[in-house]
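Chain and residue survey
So the chains spell out like this:
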Amino acid sequence: MTRVIDGDTVEVEFAGGETDTVRFIGVDTPETSLGDVSPDEYEGIPNTQTARDHLYNWGQQASEYATNQLEGETVRVVTDDESDRRGSFGRLLAYIYVGDSNFNQQLLEDGYARVYDSSFSLREDFDSTEEEARSNDVGVWDFEVEETATPTPTPTPESGSGDGESDGGSGVETPTPSGDASDPYDCSDFDSQEAAQQVLDSDPSDPSGLDADDDDVACESL
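Now for a description of the structure that goes with this document. (Residues numbered from 1 in each chain as written. Predicted model: local features only at pLDDT ≥ 70, side-chain atom pairs only at ≥ 80, totals over all residues. Heavy atoms only, no water.)

Turning our attention to helix α4 (residues 193–202). What sets the pattern is the α-helix's 3.6 residues per turn: residues three or four places apart point alike. Where burial is concerned, most of α4 is hidden: seven out of the ten residues are buried. Those residues of α4 that sit buried are Gln193, Ala195, Ala196, Gln197, Gln198, Val199 and Leu200. (Buried < 20%, exposed > 50% of the residue type's maximum accessible area, 1.4 Å probe, protein only. Helix = DSSP H or I, 4+ residues; strand = E, 2+ residues; numbered from the N terminus.)

Let us now look at the environment of histidine 54. Within the secondary structure, histidine 54 is located in helix α1 (residues 49–70). Through-space distance from the C-alpha of histidine 54 to that of phenylalanine 143 is 7.7 Å; in sequence the pair is 89 residues apart. Not counting residues up to four positions away in its chain, the partners in contact with histidine 54 are Ile45, Gly139, Val140, Asp142 and Phe143. (Contact = heavy atoms within 4.5 Å.)

The next point concerns α1. Taking 1.5 Å per residue, 22 residues should reach 32 Å; α1 reaches 31 Å between its end C-alpha atoms and fits that length. Taken together, the buried positions of α1 are Ala51, His54, Leu55, Trp58, Gly59, Ala62, Ser63, Tyr65, Ala66 and Leu70. Buried residues along α1 sit against β1 (3–6), β2 (9–13), β3 (19–24), β6 (92–98) and α2 (103–109). At the C-terminal side of α1, glycine 72 shows a positive phi close to 85 degrees. (Expected span 1.5 Å × (residues − 1).)

What follows concerns the side chain of aspartate 8. Positionally, aspartate 8 belongs in the loop between β1 and β2. With relative accessibility at 4%, the residue aspartate 8 sits in the buried group. Setting aside its immediate chain neighbours within four residues, aspartate 8 contacts Val22, Arg23, Phe24, Val27, Asp28 and Thr29.

Function cannot be inferred from these measures alone, as they are strictly geometric.
This is the structure in structure tokens:
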């Protein structure tokens with residue numbers, strides 16, 4: 001084994017001296033780039049920032065594990081007649097054996113990977129291995145889904161509230177406008193994002209341009 005690219009892809013040098021990139025059949029470890037992480041691919045893991053951070057962390061751990069176990073080692077590369085020989089990126093699709101141990105399946109057993117949805121002869125065995133890892137919260141499957149909190153309604157400011165007065169019990173004070181009626185506020189007028197959000201929610205037409213990127217969140221720099 002000459003180089004580990006990530007948890008499920010390596011470079012190997014064969015006995016004759018030729019080299020090839022091998023993508024492990026039947027398994028998929030989390031991506032090592034945070035922007036490429038896909039929680040939807042992992043059953044039971046929600047598409048939240050916390051979940052993406054969790055998968056990214058395990059993608060890094062899978063790469064480190066593969067490096068520790070494989071780099072510099074002599075391995076057997078075994079293809080599968082029930083699988084494509086090469087993937088869409090031209091990589092050789094194969095099982096990696098260290099001695100008698102199937103490293104692809106070991107990734108599933110230790111919770112570093114999920115079963116990749118494809119056809120291969122060991123699919124049933126791999127599915128069972130993943131199911132056991134999931135049921136025991138091993139590795140990547142050790143993720144506690146937080147209960148969704150009930151959103152708190154944003155209070156509507158009372159009409160006629162004076163300069164610097166409370167918005168009717170929310171506890172967030174609305175500042176005195178610094179501009180005219182057509183453009184009353186600037187983000188620098190507010191002590192907190194909550195106060196700016198309060199003004200935006202009270203007038204979604206946003207005459208002051210507090211929501212510059214149109215994502216319904218005011219003054220995100222605060």
